[in-house]
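# Structural overview
The residues making up each chain are set out below.
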Amino acid sequence: MRNNKLNYVIVGSFVLAMIFGLIFSIAMLTGRTGATDKYFAVYRNVTGVKFGTQVLYEGFPIGQVEEVTPVAEGSKMSFRVDFTVVEGWRIPEDSVAKIAAPGLLSAITLSLNAGKSEKMLEPSSQVSGLEAANVFAVVSSVADQISMLAEKDIRPLLN
């Protein structure tokens, strides 16, 4: 007759090992395993920025967006974007955090462009923010201007 208690211990140990392995794998995939420093930037428009948006430093991934918080300033609304970067990462004081999409179909990123300052930002400080240019809004604006030009300047000249 086989020992049932030994079988239960072996199966239970295997199941526990697999659960710990799953938790470890998920932690490694999410990238939330190391120490980080917090920074923030303020924007008027945060289209596409949300928790988990990748933070790049000159194209190199160094962190992610943690939180986007609306801030009322009188009659205007702005948004505070809190993000974390790898602990000890040196960000020059005159760096700019730009909301960008590297390609037409690529995901939105928070791209830090390194400044030339010798002085580095302290963790928990503000990085200057720059909104992304909306390509569709620019094309629409140019189309409106061409339409207005055709209506008011060219037609009377042709008549």
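Structure: see above.
Just so it is clear, the model here is predicted, and its values are computed rather than measured.

So, on to the sheet that holds strand β4 (residues 76-86). Pairing is mixed in the open sheet, where seven strands are placed in the order β1-β4-β3-β2-β6-β5-β7. If you trace the sheet from one side to the other, it starts and ends with β1 (36-43) and β7 (128-130), each paired once. Put simply, the sheet's adjacent strands are angled 30° from each other on average, direction ignored.

Before going further, it helps to spend a moment on a nonpolar patch on the surface. The grouping of Val11, Phe14, Val15, Leu16, Met18, Ile19, Phe20 and Ile23 at the surface amounts to a nonpolar patch, some 820 Å² of accessible area in total. For Met18, the position within the fold is in helix α1 (residues 4-30).

Applying the stated criterion across every chain, the model contains three salt bridges. Linking Arg80 and Asp82 is a salt bridge whose minimum nitrogen-to-oxygen distance equals 2.8 Å.

Under the definition given, this model contains three aromatic pairs. Taking 5.6 Å as the distance between ring centres and 75° as the angle between the ring planes, the aromatic pair formed by Tyr57 and Trp89 counts as edge-to-face. Of this pair, Tyr57 sits in strand β2 (residues 54-57) while Trp89 sits in the loop between β4 and β5 (96-100); the two residues are 32 residues apart in sequence, bridging distant segments of the chain. In this structure Tyr57 comes out as buried when scored by relative accessible area, which is 14%. For Trp89, a relative accessible area of 27% gives the class partly exposed. Relative to Trp89, the ring of Phe60 has its centre 5.8 Å away and its plane inclined at 10°; by these criteria the two rings are stacked. Of this pair, Phe60 sits in strand β3 (residues 60-73) while Trp89 sits in the loop between β4 and β5, placing them 29 residues apart in sequence. Ring pairing ties together the aromatic residues Tyr57, Phe60 and Trp89, which thus form one cluster. Across the ring face of Phe40, the terminal group of Arg80 is positioned such that the distance to the ring centre comes to 3.8 Å.

Calculation rules
- Residues numbered from 1 in each chain as written.
- Predicted model: local features only at pLDDT ≥ 70, side-chain atom pairs only at ≥ 80, totals over all residues.
- Heavy atoms only, no water.
- Pairing = 2+ DSSP bridges.
- Helix = DSSP H or I, 4+ residues; strand = E, 2+ residues; numbered from the N terminus.
- Axes fitted to C-alpha atoms, helices over the stretch in contact; angles between N-to-C directions.
- Patch = residues over 30% accessible without salt bridge, like charges linked within 9 Å, V, L, I, M, F, W, Y side chains within 5 Å.
- Areas by Shrake-Rupley, 256 points an atom, 1.4 Å probe, with all protein chains shown as cover.
- Salt bridge = Lys/Arg side-chain N within 4 Å of Asp/Glu carboxyl O.
- Phe/Tyr/Trp six-rings, centres within 6.5 Å; stacked < 30°, edge-to-face > 60°.
- Buried < 20%, exposed > 50% of the residue type's maximum accessible area, 1.4 Å probe, protein only.
- Lys NZ or Arg CZ within 6 Å of the ring centre and 35° of its normal.

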